[in-house]
Amino acid sequence: MKSSFEAARQYFEEAASVIGLSESLRDLLVTPEREIKVQVPIKRDNGQIATFIGYRMQHNSARGPMKGGLRYHHEVNADEVLTLASLMTWKTAVVDIPYGGAKGGISVNTKELSIDELERLTRRFVDEIHDLFGPDKDIPAPDMGTNAQTMAWIMNQYEKFHGFAPACVTGKPVELYGAEGREEATGRGVGILTLAFLRKFGRSIENATIAIQGFGNVGSFTAAYLHQAGARVIAISDVSGGIVNRNGIDVPAALEFAAANKSLTGFPGGEPISNEALLMLDTDVLIPAALGNVLTEQNADSVRAKFIVEAANGPTTPEADAIFRKKEIPVLPDILANAGGVTVSYFEWVQNQQYFRWDLSRVREELEKYMTRAFHRVWTISTDKKVSLRTGAYILAIGRVSRATELGGI
Ligand code: GLU
């Protein structure tokens, strides 16, 4: 089986060929700048030592300090983190924020650790890598399994070595140098672009049916935004399974239920459905908003959605992507669709550097501006060059990163 890094490389190569990128630049741009892998031992609450492996993959810094989330998940491995780091390089370039790309992760099942153990794990990881990241080097942020609390620990531990430095990490709590609107940002960005995407095909969001896989940070804010915009959210799910209701799910009630029960299991507003079956629903829009590699050559033929919006990172394998092109199902690619999170991370970093705070309406307004500008650029490239939106997004990103590399030199 192909590694996920090789699979992601296929998307890169396709766009690189369209723009005639030289072999030497291709080589440079697919080679990560630095791969960090460290031992992260902690003392468990019961006094035993447990050893974990932590990664920080720094893919490219041609356009600025490297940027990307930190993932705590039991399936985290070097190949996956590297793939996600490369996606960050293209993502920051697509929305034109002054960053490169990186990603981190610890292979851990967070459900098996207490909150104190998670804190010790996070602080110990920072102890191992604190010299290799920071406001002008590489700036972590939340991803799957981490949140604003994790970022607060990172900032606090980093500052023990380097002094006051809130810009060393983004996605912090609002009470501790975080930005208003950062928590909702990825889902809100997905929502904004889903509307823009449908509009291009002459479709309105009013009563459009939406199926969303994943009800974590990204899926839940996406559902809330689209519900509010007048769409009919017909299916949602979390790790334990999903709910379907063709008349439309009461999204505010589902959000309340999930907050109270930490799971959607038992939510009374629909019939149960498996995560796999959710992907096959007859729906206007399918939004994978959880794990990667869920749309594959095994199931792509059975997908009945009219449009796909990639809120997750890397949900579609290149084989599935080819099937969707053949079936003429337009796909809004991850490096554009879910870039709202890192965009508001950029706003947070800017505010931290200036000791100044924007209000929520300013954050939302700027987010909309960055997202729609990137969307229209990608749309134009894809129509001009007669390529998919994914290839269009990669063309835009690769163009920007390679231009910066040529201008700066090596
Ligand atoms: N983890 C998010 C992503 O995959 C956000 C990264 C960030 O804010 O730096 O885009």
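Rules behind the numbers
- Residues numbered from 1 in each chain as written.
- Predicted model: local features only at pLDDT ≥ 70, side-chain atom pairs only at ≥ 80, totals over all residues.
- Heavy atoms only, no water.
- Axes fitted to C-alpha atoms, helices over the stretch in contact; angles between N-to-C directions.
- Helix = DSSP H or I, 4+ residues; strand = E, 2+ residues; numbered from the N terminus.
- Parallel < 35°, antiparallel > 145°, perpendicular 65-115°, else oblique.
- Contact = heavy atoms within 4.5 Å.
- Nonpolar A, V, L, I, M, F, W, Y, C, P; charged D, E, K, R; others polar.
- Buried < 20%, exposed > 50% of the residue type's maximum accessible area, 1.4 Å probe, protein only.
- Expected span 1.5 Å × (residues − 1).
- Polar contact = N/O pair within 3.5 Å; in protein donor to acceptor, adjacent residues only side chain to side chain.
- Pairing = 2+ DSSP bridges.

Caption draft 1: Just the packing of helix α3 (residues 78–94) against helix α14 (residues 389–408), in detail. For the pair α3 and α14, interaxial distance at closest approach is 8 Å and the crossing angle is 90°. Taken together, the axes of α3 and α14 are roughly perpendicular relative to one another. Two secondary-structure elements touch here, α3 through L87, T89, W90, A93 and V94 and α14 through A393, Y394, L396, A397, I398, R400 and V401. Here the contact of α3 with α14 is composed, by residue class, of 10 nonpolar, one polar and one charged.

Caption draft 2: Structural detail: the environment of I212. The topology assignment puts I212 in strand β7 (residues 209–213). You can call I212 buried: its relative accessible area is 0%. Taking the C-alpha atoms as reference, I212 lies 6.9 Å from S237; in sequence the two are 25 residues apart. Setting aside residues no more than four positions away along its own chain, I212 makes contact with G219, T222, A223, V233, A235, I236, S237, L278, I287 and A289.

Caption draft 3: Representation of α3 in the model. The end-to-end C-alpha distance of α3, which contains 17 residues, comes to 25 Å, matching closely the 24 Å that a straight helix rising 1.5 Å per residue would cover. Most of α3 sits inside the fold, with 15 of its 17 residues counted as buried. You can read the cap of α3 off the contacts: a side-chain oxygen lies 3.1 Å from the backbone nitrogen of D79, and it is on N77. The positive-phi residue at the C-terminal boundary of α3 is D96, with phi of around 60°.

Caption draft 4: A look at the sheet that holds strand β5 (residues 101–107). Across the sheet, which stays open at both edges, the four strands sit in the order β1-β2-β5-β4 with mixed pairing between neighbours. Bordering the open sheet on either side are β1 (34–43) and β4 (70–73), each of which pairs with just one other strand. Ignoring strand direction, the axes of neighbouring strands in this sheet form an average angle of 20°. Sheet topology places β4 next to β5; four bridges connect them, and they run parallel. From the neighbouring strand, L70 faces β5, where its bridge partner is G104. Set on the sheet, helix α4 (residues 115–129) makes contact with β1, β2 (49–60), β4 and β5; between it and β1 the angle comes to about 140°.

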